[in-house]
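Architecture at a glance
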2 protein chains.
Amino acid sequence: MKRIAVDMDEVMADALAEFLRRYKRDFDEQVSEEELEGRRLWEAVRTDRHDVLEEYVRSEDFFAVLDVMPDAQRVMHALHDKYEVYIATAAMEVPTSFGAKFKWLGEHFPFIPPSHIVFCGDKSIISADYLIDDNPRQLHRFGGEGILYTAHHNVNVQGFRRVNNWLDVEKMFLGNAD
Amino acid sequence: MKRIAVDMDEVMADALAEFLRRYKRDFDEQVSEEELEGRRLWEAVRTDRHDVLEEYVRSEDFFAVLDVMPDAQRVMHALHDKYEVYIATAAMEVPTSFGAKFKWLGEHFPFIPPSHIVFCGDKSIISADYLIDDNPRQLHRFGGEGILYTAHHNVNVQGFRRVNNWLDVEKMFLGNAD
């Protein structure tokens, strides 16, 4: 059985939406799609507001309240029947996120056993056939085939098979027709 | 550069000693070496006391106060110069341990970057050349070469290269003479 590792933030969980919600609340300003295209949020936001972005990420509840990406639950469940599915999230970058991330997975993806959850840093440590991730740096270091999940910051990145959403994941791995 | 993944409990950290300390405190009884030989602690202790053992593991401070195994810091530091060293701990079995384990590593092994720390369940997910672990089940599932670190429960296990302590690890990987 082939193994697929799946990233959490910006793939399973809509972290960006929560950032933008809090940013709007605190500064009464929107960050536009044009400002985000091809750039990380940190690059699109004034540097004197970076501390506030850091505070969002480090707050205990940030990762607990994220929306699930559309179709992620249904497609993950279907993948789980045909592949070994692991979650691989770079949680070590934000140690305050451990508890919230674990709880979020249990709530939204209860069919994934805890033994298939990995909190790591560098994803070159992940042994799997595929890694679905929005971060090209992680995909480059991964030893299997990296699948780039589209996010605002990676729209110009080349060199990987790309999925734009979970329906694309479904098509790629389960061969479902449109 | 070859990569070595290292387990925490019973390899870097003396979890057994802390179990036995608490057991002695609560029941005023020792668990003898004979009782532990070739068995897990859970098998050596009366079943009506298993709940208490579970409580120890799930208490917030358990993994924070563990002693470092003799020579582990010095040898890990030397390994770190010649190998890619990762920590791989089955923390998903005890989600309350995340914070304490991360802090313990930062305190006792500050030269290991957080990006090289992995909290996982099933260690078949670890991509490394070697895994040093006391758990034969994890070594069997691991894809590289498993090195069995001696612990009371695994003394009768065959089929792996074995290290009895960190001086053996040093000899095996750094070739230091006696």
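Everything quoted here is computed from the prediction, not taken from an experiment. (Residues numbered from 1 in each chain as written. Chains lettered and ligands numbered in written order. Predicted model: local features only at pLDDT ≥ 70, side-chain atom pairs only at ≥ 80, totals over all residues. Heavy atoms only, no water.)

In this section: the packing of aromatic side chains. This model, assessed by the stated rule, comprises 27 aromatic pairs over all chains. With a centroid separation of 5.3 Å and 55 degrees between ring planes, the pair formed by Phe 119 of chain A and Phe 98 of chain B is classed as tilted. Placement of the pair is Phe 119 of chain A in strand 5 (residues 117-119) and Phe 98 of chain B in helix 6 (residues 98-108), with the two residues belonging to separate chains. Since its relative accessible area comes to 0%, Phe 119 of chain A is described here as buried. Ring centres of Tyr 130 of chain B and Phe 173 of chain B lie 5.0 Å apart, and the angle between their planes is 75 degrees; this geometry places the pair in the edge-to-face category. Residue Tyr 130 of chain B is located in strand 6 (residues 130-133), and its partner Phe 173 of chain B is located in helix 8 (residues 166-174); the two are separated by 43 residues in the primary sequence. Grouping residues by exposure puts Tyr 130 of chain B and Phe 173 of chain B together as buried. Ring pairing ties together the aromatic residues Phe 98, Phe 102 and Phe 119 of chain A together with Phe 98, Phe 102 and Phe 119 of chain B, which thus form one cluster. Just above the ring of Phe 63 of chain B sits the side chain of Lys 101 of chain B; from NZ or CZ to the centre is 4.7 Å. (Phe/Tyr/Trp six-rings, centres within 6.5 Å; stacked < 30°, edge-to-face > 60°. Helix = DSSP H or I, 4+ residues; strand = E, 2+ residues; numbered from the N terminus. Buried < 20%, exposed > 50% of the residue type's maximum accessible area, 1.4 Å probe, protein only. Lys NZ or Arg CZ within 6 Å of the ring centre and 35° of its normal.)

Another aspect to go through is the interface of chain A and chain B. Facing the 21 residues of chain A at the interface are 21 residues of chain B. Interface of chain A and chain B: buried area, both sides summed, is about 1,700 Å²; carbon and sulfur atoms make up 67% of it. The tally of links from chain A across to chain B stands at zero salt bridges. Viewed at the interface, chain B and chain A are joined by eleven residue pairs in polar contact (both at pLDDT 80 or more). Put simply, the parts of the chain that give the side of chain A that touches chain B at least two residues each are strand 4 (84-89), helix 6 (98-108) and strand 5 of chain A. Residues belonging to the side of chain A that touches chain B are distributed by class as follows: twelve nonpolar, five polar and four charged. (Contact = heavy atoms within 4.5 Å. Buried area = accessible area lost by both parts, 1.4 Å probe. Salt bridge = Lys/Arg side-chain N within 4 Å of Asp/Glu carboxyl O. Polar contact = N/O pair within 3.5 Å; in protein donor to acceptor, adjacent residues only side chain to side chain. Nonpolar A, V, L, I, M, F, W, Y, C, P; charged D, E, K, R; others polar.)

A regular strand places its side chains so that they alternate between the two faces of the sheet. All names here are of chain B. Here strand 6 shows no split at all, with Tyr 130 and Ile 132 on one side and Leu 131 and Asp 133 on the other all buried. With three bridges connecting them, strand 1 (residues 3-6) and strand 6 associate as parallel partners. Following the sheet pairing, Ala 5 is matched in strand 6 by Leu 131. Two elements, strand 6 and strand 7 (residues 145-149), share four bridges in a ladder whose sense is parallel. When the sheet's bridge partners are listed, Leu 131 is paired in strand 7 with Gly 146. Where the polypeptide runs from strand 6 across helix 7 (residues 136-141) and back to strand 7, its parallel neighbour, the crossover connection is right-handed. (Pairing = 2+ DSSP bridges. Right-handed = clockwise from strand over helix to strand, strands pointing away.)

Bringing the state of the cysteines into the picture now. Enumeration over the complete set of coordinates arrives at zero disulfides over all chains. Left unpaired, Cys 120 of chain B is separated from the closest cysteine sulfur, that of Cys 120 of chain A, by 9.7 Å. (Disulfide = S-S within 2.5 Å.)

On to the domain arrangement of chain A, then. All names here are of chain A. Its domain assignment divides chain A into domain 1 (3-14 + 66-174) and domain 2 (15-64). For domain 1 and domain 2, the distance between their C-alpha centres works out to 21 Å. Across the boundary between the two partners, domain 1 contributes 19 residues, which contact 17 residues of domain 2. Summed over the three residues of domain 1 that lose the most area to domain 2, namely Leu 66, Thr 96 and His 152, the buried surface amounts to 37% of that side. For the interface between domain 1 and domain 2, the tally reads one salt bridge. Note that Asp 67 is salt-bridged to Arg 21, the shortest N-O span being 3.7 Å. Where domain 1 meets domain 2, there are nine residue pairs in polar contact (both at pLDDT 80 or more). (Domains from an automatic or database assignment.)

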